[in-house]
Amino acid sequence: MQLTKNKEKIYINCIQSIKNTLDNNKLQYISNILFEAFDDWIFCGFYYQEQDELIISEYKANKLPCSPIGLDGVCGTSIVKNKILNIKDVNQFEDHIVCDENSKSELCIPFEINSIKYVLDIDSSRMDAFCAIDKKYLLKIIKEI
Ligand code: SME
């Protein structure tokens, strides 16, 4: 588990790499670099909306993610409400879609690219893994896309 100070340092380093990368596939680069940086993360990736479903885009994960998924899960709710969702305990979210039973908490950040609705989705094996620092830096990272 990373301490708050370490978390900030990790994000600052990741943002530097994201700014400097020559990799054309930004979504894949971001998924990879963040997934490797945080030892409790078990999924880091992007879904995009197509009609009433979400389709997996780039990601890095321990397990194959489910796709397509409905709009009633954490990711879909985040997109539909256009709201960041920080779910401290996924079992408390009634329509949570389980892709990996090791997921304990989840953070979803919605955004748009060329009018396509996306969500950055992160799952942690730790309960209550995400805080204001994650939101702050992940929003900065999304601006780099
Ligand atoms: N838990 C998500 C599904 C996506 S996975 O976590 C990779 C949801 O409830 O929408």
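Described in the following lines is the structure provided in the data block.

Parameters and conventions
Residues numbered from 1 in each chain as written. Predicted model: local features only at pLDDT ≥ 70, side-chain atom pairs only at ≥ 80, totals over all residues. Heavy atoms only, no water. Near = heavy atom within 4 Å. Polar contact = N/O pair within 3.5 Å; in protein donor to acceptor, adjacent residues only side chain to side chain. Areas by Shrake-Rupley, 256 points an atom, 1.4 Å probe, with all protein chains shown as cover. Helix = DSSP H or I, 4+ residues; strand = E, 2+ residues; numbered from the N terminus. Contact = heavy atoms within 4.5 Å. Pairing = 2+ DSSP bridges. Axes fitted to C-alpha atoms, helices over the stretch in contact; angles between N-to-C directions.

**A short note on the site of the ligand**
In the vicinity of the ligand, the residues found are Phe43, Tyr47, Ile69, Gly73, Val74, Cys75, His96, Ile97, Cys99, Glu106, Asp121 and Asp123. Within the side chain of His96, an N or O atom sits 3.4 Å from a nitrogen atom of the ligand. Within the side chain of Glu106, one N or O atom sits 3.0 Å away from a nitrogen atom of the ligand. Considering the ligand on its own, with 300 Å² of exposed area, one finds that the protein chains cover 98% of that surface. At the level of elements, β1 (41-50), α3 (74-81) and β5 (116-124) are the ones that each hand at least two residues to the shell around the ligand.

**Observations concerning the side chain of Asp100**
Mapped onto the elements of the fold, Asp100 is located in the loop between β3 (85-87) and β4 (105-113). Side-chain polar atoms of Asp100 contact the backbone nitrogen of Asn102, separated by 2.8 Å. Beyond its immediate sequence surroundings of up to four residues, Asp100 is in contact with Ile42, Asn62 and Lys63.

**Some details on the sheet that holds β5**
Here five strands make up an open sheet; going across it, the order is β2-β1-β5-β4-β3 and the pairing antiparallel. Pairing within the sheet leaves two strands with one partner each, and these edge strands are β2 (53-61) and β3. Within this sheet the neighbouring strands show an average axis-to-axis angle of 20°, counted without direction. Relative to β5, β4 is paired through nine bridges, and the arrangement is antiparallel. Residue pairing across strands places Leu107 opposite Ile122, the latter belonging to β5. Packing against the sheet, α3 makes contact with β1, β2, β3, β4 and β5, and its axis sits at approximately 40° to β4.

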